[in-house]
Amino acid sequence: MAALTEAAEKKWLDNYDWVICLNPDVIVRDHSFLLNAMENDVDASALLINCRLWSSSISSPKILTGFFAIKPEVLPPDAFLNPTGRDAEDAFTNDIFDSILKNNTHRYIPDADSKNTACCAGALKHMKDTPITHFYLPASKICPVPISDHPGASFFNRLNWQGLPFNAKDAAKTLGFNQQIWDEEKVWPMVFGKHWNDTTEGERDALQTLGYFEKGWEAKGNIIRDDENSNEENKGKETTDEVNSQEVSWQNLWFGENTRKEDEPHEEPNEVDIIVTYCHAGDFESSIDHFENIFPEQIESVHLQIMSKCNQENVLDEHLKERLIGLPRWQFSIHPLENKGGCDLSVAHYIVDFLRQHPNPDNASNRVAIFLKDGPRTPKNFHVPGSHYRSLEEMFSIASSGRFVCGSKIHSQISAYHDIKALSTFMMNTYKRYNSEKTSSGENFTRGYKNLGDFVEKSMTWSWPNETFVEVCYGGTFAFHVSNLYNNDFLLKDLSRVIDILEAGRDLSIVEHFMERLWAALISKPLNKAEKIAMLKPPKSISKNIVTPGQLFLDLDRFHWQGLPSHAKDAAKTVGFNQQIWDEGKVWPEVFRKHWKDMTEDERDALTTLGYFEEGDLIER
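Residues numbered from 1 in each chain as written. Predicted model: local features only at pLDDT ≥ 70, side-chain atom pairs only at ≥ 80, totals over all residues. Heavy atoms only, no water.

Colleague: Explain the pairing of strand S14 (residues 414–419) to me, please; I cannot follow it from the model alone.
Modeller: Residues in a regular strand point their side chains to alternate faces of the sheet. Counted residue by residue, S14 has six buried out of six residues, so it is predominantly covered. Where S14 lies against strand S17 (residues 469–471), three bridges are found, and the strand directions are antiparallel. Bridging across to S17, Asp-419 finds its partner in Phe-469. (Buried < 20%, exposed > 50% of the residue type's maximum accessible area, 1.4 Å probe, protein only. Helix = DSSP H or I, 4+ residues; strand = E, 2+ residues; numbered from the N terminus. Pairing = 2+ DSSP bridges.)

In structure tokens, the structure reads:
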């Protein structure tokens, strides 16, 4: 939708009879219907693919944005300028509903729809049976168009050995792969240690079949050997990254739970700071006894820091003095703050104060910082789809190992990591807090920023740690070992500036939402080479949701049963899948014929885990 919005703003669509949108990963194999409709159907104003034709129980359309043709003259002047919807397809459908869909001037492209819930052209159809398709559908059913910048990005790397089409498997055998080598990915055939010009003609043909080409091969190097360790003195040696690449679990990494031995503190932490953003609720106190029970004996001091935002300091002071009687390890302090900036202002104040008191990491205490809100940690009070509150025990345990850990624990196909380029486009022009009638908007809310990337560029000296993926933590609760605060040389300066921005103005601002998406990237250690390789392994897509742009999510439809993550396999079993039904994709369990309200709670939970959500009374993916 960002491309359509820019085109509408700059009036690029004007003065054209037809405009065609074609994503780079879409193949048009038969254009006869398109040309005929454009030339001869005078009433047609749009040629579309409906993502919901797979189910007879769904009447409302959802139009694919990967390919469409449209007459700009029928669109209203504000089309695409203010997209609304849970994703690009919803937003596009909403924008053309009154002018096209409601007037029945659209034409659905025959046989280009999906056979399952995937919103992409020709899903689960053979190439000969669909005029338009996406290249990344199951390779055994279509002819893919592999695109690769380097060997780690081959299309076929997403498939296990049994799922490879015959030509790809033959090519892999030519290069030295067998099932064990391919599926385990612990070692690579010797051809991956050669320069392109040193490979034989047969090897080059096989490599190109698998999606490897000379330009990407020589420009980016390859997985098994790069410039810094290809010389004679390093032969036979393993670099740290190479050793770690065998230890990195992409599943732990995917969900933000991977730990690295080199990050572990020399000693176990002996202090804990618990920072609570406080206004009215007192439910955080239930965590005090819980923490007291889970903190090991080596924790000598627990400092409860209340970031008080609603002038309750006097009441809090008396109450906590009484509440902490009999807990000798515990102490507390109250920090009055303006009722602005949400919990992000509390986080910024804590970090700035800590770094000012401990400018030298060698003198910083060995402690863990845990950030909580004052509300109850219950499902009713949790509003991050596809996740639930992580246990306090797990937060403390992972943070003690030296890692940043989010207080939201993912139980669906979404990832803790986001594509940086897409994440940078995040923006909201209006916002209403949960359970609040007040809406914030206008210049006081946006503060003149175009999007998250614009904020990072204009207001921070920090820059993204890499060009690929960063972790994002939603929900305002997380924990980390304080040694992480010294990863970023600009943290003190940048967060001092953020405090000024959050405290400016009369009300909340978009900067709160920017910071929510930045805390993990600012505090956690960047991905190393081995972790970047691990992130390439699972079949995935990038969210187009306007609230979570760039969030990675597993394409579970592209997993064979044996390769499914354990939580996804359990969910699939709950709704009636087994290995045969899942792998063949010919029939669907009975639950997919139900309306959402008619399902059991277990069925709804399992479907959410698999990436299906309620939209009104229908299943929506």
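Colleague: Explanation requested: the packing of aromatic side chains in the structure shown.
Modeller: Given two aromatic rings, one states the distance between the centres and the angle between the planes to describe the pair. Applying the stated rule across the entire model yields 22 aromatic pairs. Considering the side-chain rings of Trp-462 and Trp-464, the 5.2 Å spacing of their centres and the 65° angle between planes classify their relative orientation as edge-to-face. By the ring-pair criterion, three or more aromatic residues cluster together here, those being Tyr-350, Phe-354, Phe-371, Phe-404, Phe-478 and Phe-480. One cation-aromatic arrangement involves Arg-517 over Phe-426; the distance from NZ or CZ to the ring centre is 3.8 Å. (Phe/Tyr/Trp six-rings, centres within 6.5 Å; stacked < 30°, edge-to-face > 60°. Lys NZ or Arg CZ within 6 Å of the ring centre and 35° of its normal.)

Colleague: Which parts of the structure should I look at to understand a nonpolar patch on the surface?
Modeller: Together, Ile-20, Leu-22 and Val-28 make up a nonpolar patch on the protein surface, roughly 250 Å² of accessible area in all. Among the secondary structure elements, Leu-22 is positioned in strand S1 (residues 19–22). (Patch = residues over 30% accessible without salt bridge, like charges linked within 9 Å, V, L, I, M, F, W, Y side chains within 5 Å. Areas by Shrake-Rupley, 256 points an atom, 1.4 Å probe, with all protein chains shown as cover. Salt bridge = Lys/Arg side-chain N within 4 Å of Asp/Glu carboxyl O.)

Colleague: Whenever I open this one, the nonpolar core confuses me. Can you help?
Modeller: If you look at soluble globular proteins, the nonpolar side chains tend to sit buried side by side. Ranked by size, the top nonpolar core spans 57 residues in total, and within it Ile-351, Phe-455, Leu-518, Trp-519 and Leu-522 carry the most contacts. Among the secondary structure elements, those contributing two or more residues to this core are helix H12 (342–357), strand S10 (367–373), helix H14 (420–423), helix H16 (452–459), strand S18 (478–481), helix H17 (491–503), helix H18 (510–516) and helix H19 (519–523). Top element by residues in this core is H12. It accounts for eight residues. Discounting chain neighbours no more than four positions away, the residues touching Phe-455 are Tyr-449, Met-460, Val-498, Ile-501, Val-511, Phe-514, Met-515 and Leu-518. Counting 32 residues, the second-largest nonpolar core is a separate cluster that includes Trp-254, Ile-410, Leu-554 and Leu-610. (Core = buried A, V, L, I, M, F, W, Y, C linked by side-chain atoms within 4.5 Å. Contact = heavy atoms within 4.5 Å.)

Colleague: Before we go on, may I ask you to explain unusual backbone geometry in this structure?
Modeller: A negative phi holds for most residues other than glycine; trans holds for most peptide bonds. Unusually for a residue other than glycine, Phe-80 sits at a positive phi of about 75°. Position of Phe-80 relative to the elements: it lies in the loop between strand S4 (67–70) and helix H3 (88–101). According to the relative accessible area criterion, Phe-80 is buried, its value standing at 1%. Positive phi outside glycine occurs at Arg-447, with the angle close to 55°. With respect to the secondary-structure elements, Arg-447 resides in the loop between helix H15 (443–446) and H16.

Colleague: Just checking my understanding: could you explain the sheet that holds strand S19 (residues 540–542) for this structure?
Modeller: Across a sheet, strands are paired by hydrogen bonds formed along the backbone, either parallel or antiparallel in direction. The strand order across the open sheet formed by four strands is S17-S14-S20-S19, and the pairing between neighbours is antiparallel. Every other strand in the sheet has two partners, leaving S17 and S19 as the edge strands with one partner each. Between one strand axis and the next, the sheet turns through 40° on average, direction left out of account. (Axes fitted to C-alpha atoms, helices over the stretch in contact; angles between N-to-C directions.)

Colleague: Would you take a moment to explain the pattern of salt bridges for this structure?
Modeller: For side chains of opposite charge, pairing can occur when their charged atoms come near one another. Across all of its chains, the model carries 21 salt bridges by this definition. A salt bridge links Arg-329 to Glu-292; its shortest N-O distance comes to 3.4 Å. Of this pair, Arg-329 sits in the loop between helix H11 (313–323) and strand S9 (330–336) while Glu-292 is found in helix H10 (residues 286–294), placing the two residues 37 residues apart along the sequence. A relative accessible area of 18% places Arg-329 in the buried class. As a salt-bridge pair, Glu-338 and Lys-340 come within 3.4 Å of each other at their nearest N and O atoms. On the basis of relative accessible area, Lys-340 is assigned to the buried category, the value being 16%. Ionic contacts of the salt-bridge type, sharing partners, join the residues Glu-257, Arg-390, Glu-394 and Lys-409 into one network.

Colleague: Looking at this model, I keep getting lost on helix H21 (residues 566–574). Mind explaining?
Modeller: Three- or four-residue spacings in an α-helix give side chains the same orientation, since the helix completes a turn every 3.6 residues. For H21, the complete set of buried residues consists of Ala-568, Lys-569, Ala-571 and Ala-572. Viewed along the axis of H21, the buried residues span an arc of 160°, placing them on a single side of the element. Next to the buried residues of H21 lie helix H22 (579–584) and helix H23 (601–609). One or two positions beyond H21, positive phi appears at Gly-576, with a value near 105°. (Arc of directions from axis to C-beta.)

Colleague: What exactly am I supposed to notice about the side chain of Ser-543 here?
Modeller: Along the chain, Ser-543 turns up in the loop between S19 and strand S20 (551–554). Within the local environment of Ser-543, its side chain forms a polar contact with the backbone nitrogen of Asn-545, the two atoms lying 3.0 Å apart. Among all residues touching Ser-543, those that are not within four sequence positions of it are Thr-548, Pro-549, Gly-550, Gln-551 and Phe-553. (Polar contact = N/O pair within 3.5 Å; in protein donor to acceptor, adjacent residues only side chain to side chain.)

Colleague: Would you explain the state of the cysteines in this entry?
Modeller: Inspection of the entire model under this criterion finds one disulfide. Here Cys-406 pairs with Cys-473 through a disulfide, and the sulfurs are 2.0 Å apart. Taking the sign of the S-S torsion, about 75° here, the bridge from Cys-406 to Cys-473 comes out right-handed. Of this pair, Cys-406 sits in strand S12 (residues 405–406) while Cys-473 sits in the loop between S17 and S18, and the two are 67 residues apart along the sequence. Overall, Cys-406 belongs to the buried group, its relative accessible area being 7%. (Disulfide = S-S within 2.5 Å.)

Colleague: Explain empty space enclosed by the protein to me, please; I cannot follow it from the model alone.
Modeller: Evaluation of the coordinates by the stated rule reveals eight cavities of 30 Å³ or more. In this structure, the largest cavity occupies an estimated 230 Å³ of space. Lining the largest cavity are 22 residues; nearest its centre among them are Arg-403, Tyr-417, Ser-524, Lys-525 and Pro-526. When residues in the lining of the largest cavity are grouped by element, the largest group, three residues, is from S17. (1 Å grid on protein atoms, 1.4 Å probe; cavity = no way out; pocket = protein on both sides within 12 Å on 5 of 7 lines; lining within 4 Å. Points joined across faces, edges and corners; volume = space filled by probe spheres on them.)

Colleague: For this particular structure, what's the right way to read the pairing of S20?
Modeller: Two elements, S14 and S20, share two bridges in a ladder whose sense is antiparallel. Each residue of the ladder has a partner; that of His-418, found in S20, is Gln-551. Pairing of S19 with S20, which is carried by three bridges, proceeds in the antiparallel orientation. Residue pairing in the sheet places Ile-542 in a bridge with Leu-552 of S20.

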